[in-house]
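Commentary on secondary and tertiary structure
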Amino acid sequence: MTDLHQQIADIEAEIDILSDAAQQCRKSMVVAKAAIGLGIFLFVAASLSLIRSDAIILVLGIAATLAGIVFYGSSRSSLEEIAVKVRAHEDRRAAMIDRMDLRTVSDEIRPHAD
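Residues numbered from 1 in each chain as written. Predicted model: local features only at pLDDT ≥ 70, side-chain atom pairs only at ≥ 80, totals over all residues. Heavy atoms only, no water.

1. A short note on the pattern of salt bridges
Within the structure shown, the criterion is met by two salt bridges. For Arg93, the salt bridge goes to Glu12, with nearest N and O atoms at 3.9 Å. One end of the pair, Arg93, is in helix H2 (residues 55-99); the other, Glu12, is in helix H1 (residues 2-47), and 81 residues separate them in sequence. With a relative accessible area of 35%, Glu12 lands in the partly exposed category. A salt bridge links Glu80 to Arg76; the nearest nitrogen and oxygen atoms lie 3.4 Å apart. Of this pair, Glu80 and Arg76 both sit in helix H2, four residues apart, which is roughly one turn of that helix. Assessed through its relative accessible area of 44%, Glu80 is described here as partly exposed. (Salt bridge = Lys/Arg side-chain N within 4 Å of Asp/Glu carboxyl O. Helix = DSSP H or I, 4+ residues; strand = E, 2+ residues; numbered from the N terminus. Buried < 20%, exposed > 50% of the residue type's maximum accessible area, 1.4 Å probe, protein only.)

Take a look at the structure:
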């Protein structure tokens, strides 16, 4: 029985690690969106001569937009993979708990505090 308890604890620890990784992916997605927004702003502002229209500004705008898109896509696919792993671990944990043959404690068995 303790071996099963340890396996469940190990699975829960792995779920915690995966949850932390998922949170990091979400943060990365926010950064990627910011890079996309900044890139689009630089490109549009330089194109409309709202800021000094320099070739380097246009290139930076395009590069930031493309890098943000790639980074967002990568983070999103990683997040989806992590979610699949978490669901699989949770299913394994639930199956192990079901195998433990736990019993419910009824009111008749529990001592009453008088």
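Back to the text.
2. Let's talk about a nonpolar patch on the surface
There is a patch of nonpolar side chains on the surface, built from Ile40, Phe43, Val44, Leu48, Leu50, Ile62, Leu66 and Ile69 and spanning about 750 Å² of accessible area. Of all the secondary structure elements, the ones that give two or more residues to the nonpolar patch are H1 and H2. Taking relative accessible area as the criterion, Ile69 reaches 46% and is therefore assigned partly exposed. (Patch = residues over 30% accessible without salt bridge, like charges linked within 9 Å, V, L, I, M, F, W, Y side chains within 5 Å. Areas by Shrake-Rupley, 256 points an atom, 1.4 Å probe, with all protein chains shown as cover.)

3. Here's the deal with the side chain of Thr65
Positionally, Thr65 belongs in helix H2. Taking the relative accessible area as the measure of exposure, Thr65 reaches 15% and is therefore buried. Polar side-chain contacts of Thr65 include one of 3.2 Å to the backbone nitrogen of Ile40. Beyond its immediate sequence surroundings of up to four residues, Thr65 is in contact with Ala35, Ile36, Gly39 and Ile40. (Polar contact = N/O pair within 3.5 Å; in protein donor to acceptor, adjacent residues only side chain to side chain. Contact = heavy atoms within 4.5 Å.)

4. Let's talk about the nonpolar core
Within the largest apolar cluster, 13 residues are counted, with the highest numbers of intra-cluster contacts made by Leu4, Ile8, Leu79, Ile82, Val86 and Met96. Put simply, the parts of the chain that give this core at least two residues each are H1 and H2. The element best represented in this core is H1, accounting for eight residues. Residues in contact with Val86, not counting those within four places in the same chain, are Ile15 and Leu18. (Core = buried A, V, L, I, M, F, W, Y, C linked by side-chain atoms within 4.5 Å.)

5. Quick look at the environment of Ser78
Along the polypeptide, Ser78 turns up in helix H2. Separated by 57 residues in the primary sequence, Ser78 and Ala21 place their C-alpha atoms 9.0 Å from one another.

6. With respect to H2
Along its 45 residues, H2 runs 66 Å from first to last C-alpha, staying within 8% of the 66 Å computed at 1.5 Å per residue. Taken together, the buried positions of H2 are Ile57, Gly61, Ala64, Thr65, Gly68, Ser75, Leu79, Ile82, Val86, His89 and Met96. Packed against the buried residues of H2 are H1. Just past H2, the residue Asp101 takes up positive phi, approximately 55 degrees. (Expected span 1.5 Å × (residues − 1).)

7. Details of unusual backbone geometry
Of all residues except glycine, most have a negative phi; of all peptide bonds, most are trans. The residue Ser49 is not glycine, and still its phi comes out positive at about 60 degrees. Secondary-structure assignment places Ser49 in the loop between H1 and H2.

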